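Listed here are the chains, written in short residue letters.
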Amino acid sequence: MVRWICLFLASLGIVPLCAQTESGKLKEIDVDSVSVTAHRKVRPEVSVGTRVSEIGVQVLQGNQTRSLSELLANNSMVYIKSMGQGAQATSSFRGAGSSHTQVNWNGITINPNMSSSFDFSQIPVFFADNVTLYHGNSHLKNGTGALGGSINIDNTPAWDDTTRLRAFAEYGSYDTYTGAASVRFVKQRALYQTRLYYQQSDNDYRYLNKVLTNEPFYERRQEAQYKQAGLMQEAYFKVGRYGTISNNLWLQYGNRRLPQPIIVSVTQHEKQRTLGLKYLFDYTYRRDRHKVSAKAAYVLDLLDYDKWFDSEFFTSHDKSFNRSQSFHLIGDYTYQPSARVDVNASMKYSYDLVDANSYSTARVGRHVAVLQGGVRWKTADWLSLSGQVMGEMNDSKFAPTFSAGASARLAPKLSAKANVSYNYKFPSLNDLYWQPGGNPDLKPEHGFSYDVTFSYTPRLAEGLYLKAEATYYLMNIDDWIMWLPTQSWYWEPRNVQNVLSHGLELSTETTWLTGDWSFKLGLSYTYSPSINRERNFEGDNTYHKQLPYVPLNKANVRLRADFRGWLLTYQLHYIGVRFTSADETYSTNAYTIHDLELGYDIRVRRRYKLTPRIRIDNLFDAYYESTQYYPMPLRSISGSVTFTF
Amino acid sequence: MKKLFLILLLSAGILASCSKNDTPDPDPQGGDIKMIVVNEGGMGAGFGALTAITYDGVSKEDVFRDVNGRPMGDVAQSITCINGKYFVTMNNSQKIEVVEPKTFKSLGVITYKQAGKPRFVAPISENEAIVSDLNPQLVRIDLNTYEVLEYIPISSIGAGYIEKMIRIGNKLFCTGNNVIVVFDVDNVTDGGARTIALGENTVRTAKPILDKNNKLWIMTYQGSDFSPTQLTLHCINPDTETVERTVVPQAAAATQENVGKMVGFPGYNRMDTDRSRSKIYVPFNQMVAYSDWGGTATTYLAIYTLDVDKDEFDAEPFRQLPGLGMMYGMGIDPDGQSVYVCDCLDYSRQRGYLREYKADGQEASYRVGIYPRMVYFTEYDN
């Protein structure tokens, strides 16, 4: 037993790689030094027609004290509906619903299997090395359910990076403390990395409440305090000439109050404690034209909820506890029979297991098996084609799907790609089993999706570069699930709406390098009509109306200037009007927020770097709401120091 | 470079940090108001609204917001006119809005400092009223200063929580679990409660009715509240605080020969009366067709009437409500001619309708707010 525990901990790098001797003592194993031969790089397994956006390293590092919700809200085309800093934040990708964004961590789906809707406020950016957005549902390998798109969070071993330690501390308005550290230990054939993160905030910003009573009054945000802590342990090993083993363990703890809307006289309190554990083992073998990988993962989510009231008479607490587990096994094989062709096949098996008070049975499980095959073919120097087919067996229900794409270089700096696909999303376990109301007869939401993207990447002048992309997409989502009351007056989910979502995604990134100056200007804009395209009954006023909380317009501007270690970043975020009722009767206001950041890199003896930064969020102190009646922080200032060794 | 900065600054100026404010509609009026619909609005969304409908059929869908430039609150429950002011309970906002009739200007807000879910308001004096609650408490409020005076625990009564209330003379009659709780208006306390046993749970959505004979009518159910197997109307003498008689509507079996008859009872039922208070109007399920193939019955909601001097409902429905899905509120106009039903459509957070079923068989619809739940006639203003 001790051996197994030891091996497991060793594999994570928590203790040095060790082995048990005959005498029971532990000794270090010498890892043979083997040179790694260069081999042909296997191309990314992306459908060639898919629009893929990667959030740059500079942006990730600039947001390392923040959560993924803030990162995506300010630096991507995804709309984040937030209830405040540290509070629940869900997404709308290409006009789809919050459960239609698939979130993958190193290739493992981590959407909660109870609700499917991912809360981005609980993911520190510090734990992500890469954040990649796959727009639309065409990249089938991201799994089913990604009707709007998927967000992939990856950790990658940087074998050549000499950084050993990165640590920062930040203090911000409303008593927000953040601290984090990352320690790396690299041997010739092993890499260990430990990351720790902690943030807490009173989050009691002051604002003018104009909606509760006749006389507007200033108040401080109540019930919004939170704490977050995380630990990520990674261990990577080179095995033989061609193999690598990756171990990732991620523990994430959250303890937060759930804020009330400001139209409520606050006399109730809700507290939510969450503990997430994710473990991934990955063995990848790359040799010449072959790449084989096998993954095994375990995901555990615990949620402890407590509600109580300010009252002399009813002092009892309303409590619930849910435990959700997922087991994943993935096998994947890619083969390049020629320089122009990639063939890929994968199979996945996952088992979801939920223990919840509110389900029809104390324990609910679901088996999901997926087979996928795909091919990419570079038919000519200027043209690539791809196709993917997939079949999912979800308990006893089978759903097949496909994707086909093309990418063409139209001119030296101009390229185009297009995609057509069909995808679906099975109901969440809440939809199926919640009591009362869970509906086992629900059909999967499903629909076709089409998009076309043009990319233009000219060099405008000496040191001046442009990267521009424009996409038009169109997708149908049929049998959209909504919770509605039954004749017996309890609410149940039903396949109700057929939705048409189409729109434009425009982005540019301009880089100008001149002398010691470097400027980068990023602009992005999305136009996202997303409407109920069928009348469900006579007099249905939701017909051809924009879905609630899907903004028609969203824009981001980001300007970064670097000069001899100095850094200045200015960001502007615009979110258009969002309707809050299904018939467009009510809406919440558009807003524009400006942020500013200034930093400087201080080099000490070449090896050490100290980076003090000061950031002003919401520079012009605008009152705004991402979710109606949940005010967001007004102007806030934070200062941080990052130490890198 | 300068140009680039200029463009940025200009665009920043255009998109200046701001949040547009809704501007109040200065003139929400348009003729005399016949009725007001209370719209719940859906939990957490702040769509609680009052819809004013004039005699000439014009509907002002969210008149409070139009006039006051702010939302009324979250989950509106009821409207009660006391001393010439409307008291509108906002269940989830934990407050009561005090509204001036006709103008719909907000006169004040009574906010709770302790937990509560205000439901209905009944006056107990010139200056005070009692507010019922989804929790086992009553709340005493000041009608002039708009303050909560007292939170009154009622757990020891054993009636659960109290919803509907009616003041008769110097007594306050309240619907509890399976009893009527009676207070003297000058002693609304835990210890001052008396109870009238009904033997069945009260239908909390059905308002108590004081008839022309000064008798109190209360509805109870068997089975479950959302799918009752039997309803009973209890006639209570307010003076003696006893049940004098009961009326038990008999549902016919859903068979071919009973097409056209009453065959069942809707969940969370309502009842109302008219100006004369000589009739009680109750919705039942009427079978309009029967299919031998599979033995399925097609039913509509229909309003049946009970003459308060009789012991049986009229066999023929007073009004049929074809095409109506789920009723979320019902009212009879003071003339006893039209039936008004709150229709929430498919409950998908869109504005619903007040459906009027007229005596001549015609129907009219008025667009109201989201989740309409109660219709109030201004004729009953005091």
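As the structure is a computational prediction, the values presented were derived from the model and not from experiment. (Residues numbered from 1 in each chain as written. Chains lettered and ligands numbered in written order. Predicted model: local features only at pLDDT ≥ 70, side-chain atom pairs only at ≥ 80, totals over all residues. Heavy atoms only, no water.)

## Quick word on the overall build of chain A
Our working rule: Secondary structure elements are defined from DSSP: runs of H or I of at least 4 residues count as helices, runs of E of at least 2 residues count as strands, and each element is numbered from the N terminus. Only the C-alpha atoms count toward the radius of gyration. The rule for a globule is 2.2 Å times the residue count to the power 0.38. A 1.4 Å probe rolled over the protein chains alone gives each residue an accessible area, and that area as a share of the maximum for its type sets the label: buried under 20%, exposed over 50%, partly exposed in between. Here, two residues are considered to be in contact whenever any of their heavy atoms come within 4.5 Å of each other. Counted as positive: Lys and Arg. Counted as negative: Asp and Glu, with His and the chain ends omitted from the count. For charged residues, the charge sits on one atom: NZ in Lys, CZ in Arg, CG in Asp, CD in Glu.
Per the secondary structure count, chain A includes four helices and 40 strands. A globule of 645 residues ought to have a C-alpha radius of gyration of about 26 Å, and chain A, at 25 Å, matches this closely. With the C-alpha coordinates aligned to their principal axes, the bounding extent of chain A is approximately 75 × 70 × 55 Å. A burial count over chain A gives 55% of its 645 residues as buried. Here the contacts in chain A between residues at least 6 apart in sequence split such that 62% fall between residues at least 24 apart. Here chain A holds 69 positive side-chain charges and 60 negative ones, and the gap between their average locations is 8 Å.

## Describing the state of the cysteines
In protein structure, a disulfide is the covalent linkage between the sulfur atoms of two cysteines. Residue and element names in this part refer to chain B. Spelled out, the test is: Pairs of cysteine sulfur atoms within 2.5 Å are identified as disulfides in what follows.
Overall, the coordinates contain zero disulfides over all chains when judged by the stated rule. Distance from the sulfur of cysteine 81, which forms no disulfide, to the nearest cysteine sulfur (cysteine 342) is 19 Å. Of the residues examined, cysteine 81 reaches a relative accessible area of 7% and is grouped as buried. Here cysteine 344 stays free of any disulfide, with the sulfur of cysteine 342 as its closest cysteine sulfur at 7.0 Å.

## A few points about the nonpolar core
Put simply, the test is: Only buried residues count toward a nonpolar core, which is a set of Ala, Val, Leu, Ile, Met, Phe, Trp, Tyr and Cys residues joined through side-chain atoms within 4.5 Å.
One finds A:Leu68 and A:Val131 to be the most contacted residues of the largest nonpolar core, which totals 34 residues. Looking at this core, the elements that each hand over two or more residues are helix H2 (57-62), helix H3 (68-75), strand S6 (101-105), strand S8 (130-135), strand S9 (149-154) and strand S18 (290-309) of chain A. Looking at which element gives the most residues to this core, the answer is H3(A), with three residues. Sequence-distant contacts of A:Val131, that is, excluding residues within four places in its chain, are made with A:Ser53, A:Glu54, A:Ile55, A:Leu60, A:Leu68, A:Leu71, A:Ile151 and A:Asn152. Core analysis: the second largest hydrophobic core is formed by 33 residues, B:Ile53, B:Tyr347, B:Leu354 and B:Phe377 among them.

## Points about the interface of chain A and chain B
Interfaces are frequently sized by the accessible area removed from exposure as the parts join. We count it as follows: Take the accessible area each of two parts loses on contact, using a 1.4 Å probe, and add the two losses: that sum is the buried area. By salt bridge we mean one thing: a side-chain nitrogen of Lys or Arg within 4 Å of a carboxyl oxygen of Asp or Glu. Pairing of N or O atoms within 3.5 Å defines a polar contact, subject to two protein rules: one partner must be a possible hydrogen donor and the other a possible acceptor, and residues neighboring in sequence count only if both atoms are side-chain atoms. Only Asp, Glu, Lys and Arg are considered charged, only Ala, Val, Leu, Ile, Met, Phe, Trp, Tyr, Cys and Pro nonpolar, and every remaining residue, Gly among them, polar.
Taken together, the contact pairs 56 residues of chain A with 63 residues of chain B. Counting the surface lost from both chain A and chain B, the interface buries some 4700 Å², and carbon and sulfur atoms represent 59% of this. Sorting the residues of chain A by area buried against chain B places A:Phe313, A:Trp489 and A:Tyr586 first, and these three jointly supply 16% of that buried surface. Counting across the chain A and chain B interface gives one salt bridge. Linking chain A with chain B are 20 residue pairs in polar contact (both at pLDDT 80 or more), by the criterion used here. Contributions of two or more residues to the side of chain A that touches chain B are made by strand S27 (464-485), strand S28 (491-514), strand S29 (517-527), strand S31 (553-563), strand S32 (566-575) and strand S35 (591-600) of chain A. Counting residues per element, the side of chain A that touches chain B draws most heavily on S35(A), which supplies four residues. Taken together, the residues of the side of chain A that touches chain B sort by class into 32 nonpolar, 19 polar and five charged.

## Brief notes about the packing of aromatic side chains
Note the threshold: A pair of Phe, Tyr and Trp rings is counted when the ring centres sit within 6.5 Å of each other, with Trp represented by its six-membered ring. The angle between the planes then sorts it: under 30 degrees is stacked, over 60 is edge-to-face, the rest tilted. Criterion for a charge above a ring: Arg CZ or Lys NZ at most 6 Å from the ring centre, at most 35 degrees from the ring normal.
In the structure shown here, the tally under the stated rule is 43 aromatic pairs over all chains. With a centroid separation of 5.0 Å and an interplanar angle of 55°, the aromatic rings of A:Tyr171 and A:Tyr177 are classed as tilted. Here a set of aromatic residues connected by ring pairs shows up, and it is made of A:Trp105, A:Phe126, A:Phe127, A:Phe168, A:Tyr197 and A:Trp250. Above the ring of A:Trp159, the side-chain terminus of A:Lys238 is found at 4.2 Å from the ring centroid. Sitting above the plane of the B:Tyr328 ring, B:Arg270 keeps its charged end 5.7 Å from the centroid.

## Notes on the side chain of B:Lys171
Residue and element names in this part refer to chain B. By the secondary structure assignment, lysine 171 is in strand S13 (residues 171-175). Residue classification places lysine 171 among the buried residues on the basis of a relative accessible area of 17%. Here the side chain of lysine 171 touches proline 238 through a polar contact of 2.9 Å, landing on its backbone oxygen. With residues near it in sequence (within four places) discarded, lysine 171 still touches Ile166, Val182, Phe183, Asp184, Val185, Arg194, Pro238, Asp239 and Glu241.

## As for the pairing of strand S8 (residues 118-123) of chain B
Residues and elements named next belong to chain B. Operational definition: Here the rule is simple: two strands pair whenever DSSP picks up at least two bridges between them.
Where burial is concerned, most of S8 is hidden: five out of the six residues are buried. Looking at chain direction, S8 and strand S9 (residues 128-133) are connected through four bridges and run antiparallel. Across the sheet, proline 118 pairs through a bridge with aspartate 133, a residue of S9. Hairpin connection, S8 to S9: the antiparallel pair is bridged by four residues.

## Structural notes on the pattern of salt bridges
Residue and element names in this part refer to chain A. Evaluated as defined, the whole model comprises 43 salt bridges over all chains. Note that aspartate 478 and arginine 533 form a salt bridge whose closest N and O atoms lie 2.7 Å from each other. Highlighted residues: aspartate 478 in strand S27 and arginine 533 in the loop between strand S30 (530-532) and S31, separated in sequence by 55 residues. Through salt bridges with shared partners, one network takes in Arg66, Glu170, Arg615 and Asp617.

## Comments concerning unusual backbone geometry
Between A:Gln435 and the following residue, A:Pro436, the backbone shows a cis peptide bond with an omega angle of -5°. Along the chain, the position of A:Pro436 falls in the loop between helix H4 (429-433) and strand S25 (445-456). At B:Asn214, a residue that is not glycine, the phi angle is positive and equals roughly 65°. Mapped onto the secondary structure, B:Asn214 falls in the loop between strand S17 (209-210) and strand S18 (216-223). Of the residues examined, B:Asn214 reaches a relative accessible area of 38% and is grouped as partly exposed.

## Some points on a nonpolar patch on the surface
Quick reminder of the rule: Residues form patches when they are more than 30% accessible in relative terms and have no salt bridge. Like charges link within 9 Å. Nonpolar side chains (Val, Leu, Ile, Met, Phe, Trp, Tyr) link within 5 Å. What sets the accessible areas is the Shrake-Rupley method with a 1.4 Å probe; for residues, cover comes only from the shown protein chains.
Where nonpolar side chains cluster on the molecular surface, the patch consists of A:Leu410, A:Val452, A:Phe454, A:Tyr472, A:Leu504, A:Leu506 and A:Tyr527 and spans about 560 Å² of accessible area. Taken together, the elements giving at least two residues each to the nonpolar patch come down to S25 and S28 of chain A.

## Re the sheet that holds S9(B)
Across a sheet, paired strands are connected by hydrogen bonds in the backbone, their directions being either parallel or antiparallel. Residue and element names in this part refer to chain B. For clarity, the threshold we go by: Comment: axis = line fitted to C-alpha atoms, over the contacting stretch for helices; angle = value between 0 and 180 degrees taken between N-to-C directions.
Overall, antiparallel pairing links the four strands, which are arranged S8-S9-S10-S11 in an open sheet. The sheet terminates laterally at S8 and strand S11 (147-153), the two strands that pair on one side only. Recorded for the sheet is a direction-independent mean angle of 25° between the axes of neighbouring strands. Pairing of S9 with strand S10 (residues 137-142) involves four bridges; the strand directions are antiparallel. Paired with alanine 129 across the strands is isoleucine 141, a residue of S10.

## Section: the sheet that holds strand S6 (residues 95-99) of chain B
Residue and element names in this part refer to chain B. Pairing in this open sheet of four strands is antiparallel, and the strands run S4-S5-S6-S7 from one edge to the other. What marks the edges here is a single partner per strand, and that holds for strand S4 (76-82) and strand S7 (106-111). For this sheet, the mean inter-axis angle between neighbouring strands, taken without regard to orientation, is 20°. Where strand S5 (residues 85-90) meets S6, five bridges bridge the pair, whose relative direction is antiparallel.

## Section: the environment of A:Tyr279
Residues and elements named next belong to chain A. The residue tyrosine 279 is located in strand S17 (residues 268-287) in this model. Judged by relative accessible area, tyrosine 279 falls into the buried class, the value being 16%. Along the chain, tyrosine 279 and glutamate 234 lie 45 residues apart, while their C-alpha atoms are 9.8 Å from each other. Of note is the side chain of tyrosine 279, whose polar atom sits 2.5 Å from the side chain of asparagine 247.

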